[in-house]
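As a plain string of letters, each chain reads:
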Amino acid sequence: MTTRLTIRRPDDWHLHVRDGEMLKAVLPYTARHFGRAILMPNLVPPVRTTAEAIAYRERVLAALPKGSRFTPLMTCYLTDDTDPDDVERGFRDGVITGVKLYPANATTNSAAGVTDYGKISRVLERMEKIGMPFLMHGEEVAADVDIFDREAAFIERRLSKWVKQFPGLRMTLEHLSSKDGADFVKSAAPQVGGTITPYHLNLTRTDWLGGGLKPMLYAMPVIKTATDRAALRKAATSGAACYFLGTDSAPHPLAKKVAVSGVPGIFNAPVALATYARVFEEEGALDKLEAFASLNGPKHYRLPVNADTITLEKSPWTAPEDVRVAGPDGRALVYRGGETIAWRVAE
Ligand code: NCD
Ligand code: ZN
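Note that the coordinates shown come from a computational prediction; the quantities given were computed from them, not determined experimentally. (Residues numbered from 1 in each chain as written. Chains lettered and ligands numbered in written order. Predicted model: local features only at pLDDT ≥ 70, side-chain atom pairs only at ≥ 80, totals over all residues. Heavy atoms only, no water.)

## Brief notes about the pattern of salt bridges
Definition in use: The salt bridge criterion pairs a side-chain nitrogen of Lys or Arg with a carboxyl oxygen of Asp or Glu, the two atoms within 4 Å. Starting at the N terminus, helices and strands are each numbered in turn, a helix being any DSSP run of H or I of at least four residues and a strand any DSSP run of E of at least two. In this scheme, a residue with accessible area under 20% of its type's maximum is buried, one over 50% is exposed, and one in between is partly exposed, where area comes from a 1.4 Å probe on protein chains only.
All told, the structure shown has 22 salt bridges when counted by the stated rule. Between Arg36 and Asp11 there is a salt bridge, with its nearest N and O atoms 2.8 Å apart. One end of the pair, Arg36, is in strand β3 (residues 36-39); the other, Asp11, is in the loop between β1 (4-8) and β2 (12-15), with 25 residues separating them in the sequence. We note that Arg36, like Asp11, is buried. When salt bridges with common partners are traced through the structure, they connect Asp85, Glu88, Arg92 and Arg126 into a single cluster.

Right, here's the structure in full:
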């Protein structure tokens with residue numbers, strides 16, 4: 001039985017660290033173990049321009065624990081009015097790693113997202129030309145589409161067309177949640193890659209809805225069926241280069257999660273690597289964890305892999321129930337908080 005595993009230092013290719021006091025409270029959990037993370041731009045107001053990305057990066061760097069070597073990779077939030085020249089400048093200057101699509105009203109803080117896909121073709125053409133990655137919240141938000149079918153409908157109505165229309169555009173379908181999503185990414189690799197969260201690998205909608213409503217397990221894209229989970233587990237643990245780690249760790253104040261209209265997002269950074277390790281162990285694929293966590297992402301983003309390593313060891317600990325946030329936010333509950341966690345990162 002494997003009880004220790006040393007791998008290249010992983011990166012998180014989809015992460016929300018927010019801003020202000022929440023940023024200070026949650027960033028250390030990621031910075032401790034990951035070399036880099038792609039930071040999502042869905043702040044209020046969103047990070048829409050190169051100038052805003054520079055300012056946000058400064059606030060993130062200021063919130064890092066002393067001595068941390070963590071590198072934030074910034075994204076820019078695509079709107080109907082995004083200026084191709086601005087994102088090109090941001091990419092060439094090394095400020096912005098990619099542009100992020102939120103279809104309007106698909107998820108937390110997406111009200112300023114894209115409402116008219118006709119308006120973004122100039123930006124996509126430019127990104128294709130300069131080799132700039134396009135990151136997608138791949139869900140079709142339309143009255144005729146059931147929430148469990150949003151990912152499949154986005155692939156059918158949007159992504160399958162863009163793959164042909166922009167053959168040189170490098171895309172990431174983020175937080176894959178369905179068999180359709182995992183299958184499509186495979187079929188469109190290496191042009192399209194996909195991130196997979198620890199919670200979509202771990203849970204089914206029965207966990208979320210079947211034994212008392214669990215608002216803490218509400219996230220977009222919503223957690224789906226056991227068939228979908230099985231396909232995602234197979235994909236992640238296959239070692240295929242098109243699948244890589246993206247936690248979608250998305251902290252919210254408890255009061256916003258548990259509300260008449262609760263917000264989507266699962267704060268999992270404190271247990272993310274341990275949860276992935278358990279899934280890979282259960283699937284008999286610990287030997288594929290390094291590819292998923294540390295090698296495939298840099299390859300897709302054309303960045304070097306991290307030079308150093310981390311060691312995972314099987315040694316039980318108890319996940320914290322919550323993280324305290326100064327000010328009115330109070331606290332954010334941790335995914336798997338209070339559970340005994342089998343794996344840990346050796347310090
Ligand atoms: C994310 C958030 O809270 O910002 N929520 C979520 O449910 N995953 C946004 C997102 O990635 O959809
Ligand atoms: Zn997200």
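## Notes on helix α5 (residues 150-165)
Quick note on the threshold: To estimate how far a helix should extend, the number of its residues minus one is multiplied by 1.5 Å. Bend at a residue means the angle formed by two fitted axes: the first through the 7 residues ending at that position, the second through the 7 residues beginning there. We call two residues contacting when some pair of their heavy atoms lies within 4.5 Å.
The terminal C-alpha atoms of α5 lie 21 Å apart, and with 16 residues this matches the ideal 22 Å at 1.5 Å per residue to within 8%. A bend of about 45° at Glu156 is the largest found in α5. Within α5, the full set of buried residues consists of Arg150, Glu151, Ala153, Phe154, Ile155, Leu159, Trp162 and Val163. On the buried face of α5, the contacting elements are β5 (96-101), α4 (121-130), β6 (134-136), β7 (171-173), α6 (179-188) and β8 (192-196).

## Some points on the site of ligand 1
Definition in use: One heavy atom within 4 Å of a molecule or strand makes the whole residue count as near it. Whenever two N or O atoms come within 3.5 Å, that pair is a polar contact, provided that in protein one can donate a hydrogen and the other can accept it, and provided that, for residues adjacent in sequence, both atoms are side-chain atoms. Residue burial considers only the protein chains on display, and all accessible areas are found by Shrake-Rupley using a 1.4 Å probe. Under the convention adopted here, Pro, Cys and the residues Ala, Val, Leu, Ile, Met, Phe, Trp and Tyr are nonpolar, Asp, Glu, Lys and Arg are charged, and Gly plus all remaining residues are polar.
Around ligand 1, the surrounding shell holds 16 residues, and the nearest of these are Arg18, Asn42, Thr107, Met220 and Asp248. One of the backbone nitrogen or oxygen atoms of Pro264 is found 3.1 Å away from an oxygen atom of ligand 1. Coverage of ligand 1 by the protein amounts to 100% of the 310 Å² it exposes when considered alone. The class makeup of the residues in the shell around ligand 1 is five nonpolar, nine polar and two charged.

## Quick word on unusual backbone geometry
With an omega of -5°, the peptide bond between Val44 and Pro45 qualifies as cis. Its location among the elements puts Pro45 in the loop between β3 and α2 (50-63). Omega for the peptide link from Met220 to Pro221 comes to -10°, which places this bond in the cis form. Its place among the elements puts Pro221 in the loop between α8 (205-209) and α9 (226-237). Even without glycine at this site, Arg302 takes up a positive phi of about 55°.

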